[in-house]
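# Understanding the architecture of this molecule
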Amino acid sequence: MKNSLTRRTLLASALATPFLARTSLAQDAWPTRTIRWIVPFAAGGAADTAARSIAATMQELLGQSIVIENRTGGNAVIAANALLQSPRDGYTFLVDAANQLTNPALMRDLPFDYATAFVPVTQISAFPQVIAVKTDFPAQDIAAFVAQAKARPSSITIGTPPAAGMAHLALAAFEKRAGIKLVHAAYRGGADASRDILAGNIDSVLITTSSIRPPVVAGKARVLAVTSLERPPSLPDVPTLAQSGFPGFDLNDWNGLFAAEGTPRIAIDRIAAAAATAAKAPEVLARMHPAGAIMIGNSPAAFSAWLTSQRSQVLDLIRDANITLG
């Protein structure tokens, strides 16, 4: 009885001050039940696979199951809204991606403000993108590709998935810095662009490292450069754009974990800590590195700072290149 009374007193005091709230919640055994991750992407895709891979290890660390719920549609707004309509008790999170940065500039009448409605928890992974050409294209490196584009303005075709996605933004940034204009084709997904360059129907593509694998393995495509600042484990011999005359170039696809504003801080901090450990787990790296992913698992503060720096760059690219959803 005395222990029960003491516990109730501590919890009542916790509601009175933020500091005590953090202290008392930390003493509780969070989580005590299943955690739900809402994913706005189809099962089996790169972002979904990365989320499932890291979640499998995280649930062992947390001692509770993590259930993945795929809620596609609405350019990821449906899934985001589902999180905001759920109880803010630390048991529901959103796995989102560049939509957090692009949707405010591309969509009108959003039912929420991305900048204030969501709390960044951790960046799960990054998916470096590549510029690749069909095997008979007369360029062995980015310098030669740019030279070809300048010699034949607005005649070289390049595909990205989808319209207004991170590949489209990376293309806009590359064209601007290289001083070239390519003929852009927007595909529904990376697999579609991959099939077209495999068939030789398009000169080049800007897609993720995982999407380019089939045509490269088949000998139908050649990778010229990657868009990440560092070479990904899956392509250690391919130079980055930053190493190819475009210092600082770093635009990748990515995904991260978000909570709704008002979610208990202990839930955010503890799940971020579990992600940081899981992102380095051998079984996670063994699965995701061959797929071209770079696992991250950073802190909420680091993820938030990165999003802030990305947001201004993304908005500038969308405005300057007049990018739309379709």
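An account of the accompanying structure is given in this report. Worth saying up front: this structure is predicted, and the values here are computed from it rather than measured. (Residues numbered from 1 in each chain as written. Predicted model: local features only at pLDDT ≥ 70, side-chain atom pairs only at ≥ 80, totals over all residues. Heavy atoms only, no water.)

## Points about the nonpolar core
Counting 53 residues, the largest nonpolar core has Phe118, Ile142, Phe145 and Phe174 as its most contacted members. For this core, the element with the highest residue contribution is helix H8 (residues 166-178), accounting for nine residues. Filtering out sequence-adjacent residues up to four positions away, phenylalanine 145 remains in contact with Val133, Phe137, Ala139, Ile156, Phe174, Leu182, Ser204 and Leu224. Of all hydrophobic cores here, the second largest spans 34 residues; its members include Ala50, Ile54, Ile68 and Ala267. (Core = buried A, V, L, I, M, F, W, Y, C linked by side-chain atoms within 4.5 Å. Buried < 20%, exposed > 50% of the residue type's maximum accessible area, 1.4 Å probe, protein only. Helix = DSSP H or I, 4+ residues; strand = E, 2+ residues; numbered from the N terminus. Contact = heavy atoms within 4.5 Å.)

## Some thoughts on unusual backbone geometry
Omega for the peptide link from tryptophan 30 to proline 31 comes to 0°, which places this bond in the cis form. The residue proline 31 is located in the loop between helix H2 (18-27) and strand E1 (35-39) in this model. Proline 162 follows proline 161 through a cis peptide bond whose omega is -25°. Position of proline 162 relative to the elements: it lies in the loop between strand E6 (157-160) and H8. In the Ramachandran plot, asparagine 75 falls in the positive-phi region, its phi being about 55° despite a non-glycine side chain. Residue alanine 164 is not a glycine yet carries a positive backbone phi of 70°. Mapped onto the elements of the fold, alanine 164 is located in the loop between E6 and H8.

## A closer look at the pattern of salt bridges
Two side chains of opposite charge can pair, provided their charged atoms sit close to one another. A full pass over the atoms with the stated rule returns 10 salt bridges. As a salt-bridge pair, lysine 176 and aspartate 320 come within 3.5 Å of each other at their nearest N and O atoms. Pair noted here: lysine 176 is in helix H8 and aspartate 320 is in helix H13 (residues 300-320), with a separation of 144 residues, a long-range link. Residue aspartate 192 pairs with arginine 195 through a salt bridge whose shortest N-O separation is 2.4 Å. Residue aspartate 192 and its partner arginine 195 are located together in helix H9 (residues 190-198), separated by three residues, close to a single helical turn. Of the residues examined, aspartate 192 reaches a relative accessible area of 27% and is grouped as partly exposed. (Salt bridge = Lys/Arg side-chain N within 4 Å of Asp/Glu carboxyl O.)

## Looking at the pairing of strand E9 (residues 221-226)
Taken across its six residues, E9 has six buried, putting it largely inside the fold. Where strand E5 (residues 129-134) and E9 come together, five bridges link them in antiparallel fashion. Considered in E9, the bridge of isoleucine 131 is made with alanine 225. (Pairing = 2+ DSSP bridges.)

## Section: the environment of isoleucine 156
When you line up the elements, isoleucine 156 lands in the loop between helix H7 (142-151) and E6. Placed 27 residues apart in sequence, isoleucine 156 and valine 183 show a C-alpha to C-alpha distance of 5.8 Å. Excluding residues that lie within four positions of it along the chain, isoleucine 156 makes contacts with Phe137, Phe145, Gln148, Ala149, Leu182, Val183, Asp203 and Ser204.

## Here we look at the sheet that holds E9
Spatially, E7-E6-E8-E5-E9 is the arrangement adopted by the five strands of the open sheet, whose pairing is mixed. Two strands close off the open sheet at either side, each with one partner strand: strand E7 (183-186) and E9. Direction aside, the axes of adjacent strands within the sheet are offset by 30° on average. Pairing of E6 with strand E8 (residues 204-208) involves two bridges; the strand directions are parallel. (Axes fitted to C-alpha atoms, helices over the stretch in contact; angles between N-to-C directions.)

## Some words on H13
For H13, with 21 residues, the first-to-last C-alpha span of 30 Å sits near the 30 Å given by 1.5 Å per residue. Buried residues of H13: Pro300, Phe303, Leu307, Gln310, Val314, Leu317 and Ile318, and no others. The inward-facing, buried residues of H13 contact helix H5 (99-106), strand E4 (118-127), H8, strand E10 (253-260) and helix H11 (265-278). (Expected span 1.5 Å × (residues − 1).)

## Comments concerning the packing of aromatic side chains
The final tally for this structure, using the stated rule, is 11 aromatic pairs. Seen in terms of ring centroids, phenylalanine 303 and tryptophan 306 are 6.4 Å apart; in terms of plane orientation they differ by 20°. Their pairing is stacked. Pair noted here: phenylalanine 303 and tryptophan 306 are both in helix H13, with a separation of three residues, about one helical turn. These aromatic residues form a ring-pair network of at least three members: Phe137, Phe145, Phe174 and Phe246. Over the face of the ring belonging to tyrosine 91 we find arginine 33, whose NZ or CZ atom lies 3.9 Å from the ring centre. (Phe/Tyr/Trp six-rings, centres within 6.5 Å; stacked < 30°, edge-to-face > 60°. Lys NZ or Arg CZ within 6 Å of the ring centre and 35° of its normal.)

## Re the packing of H8 against H13
One can describe the packing of H8 onto H13 by two numbers: an axis separation of 10 Å at closest approach and a directional angle of 75°. When the interaxial angle is binned, H8 and H13 end up roughly perpendicular. Here H8 contributes Met166, Leu169, Ala172, Ala173 and Lys176 to the contact with H13, which in turn contributes Gln310, Val314, Leu317, Ile318 and Asp320. (Parallel < 35°, antiparallel > 145°, perpendicular 65-115°, else oblique.)

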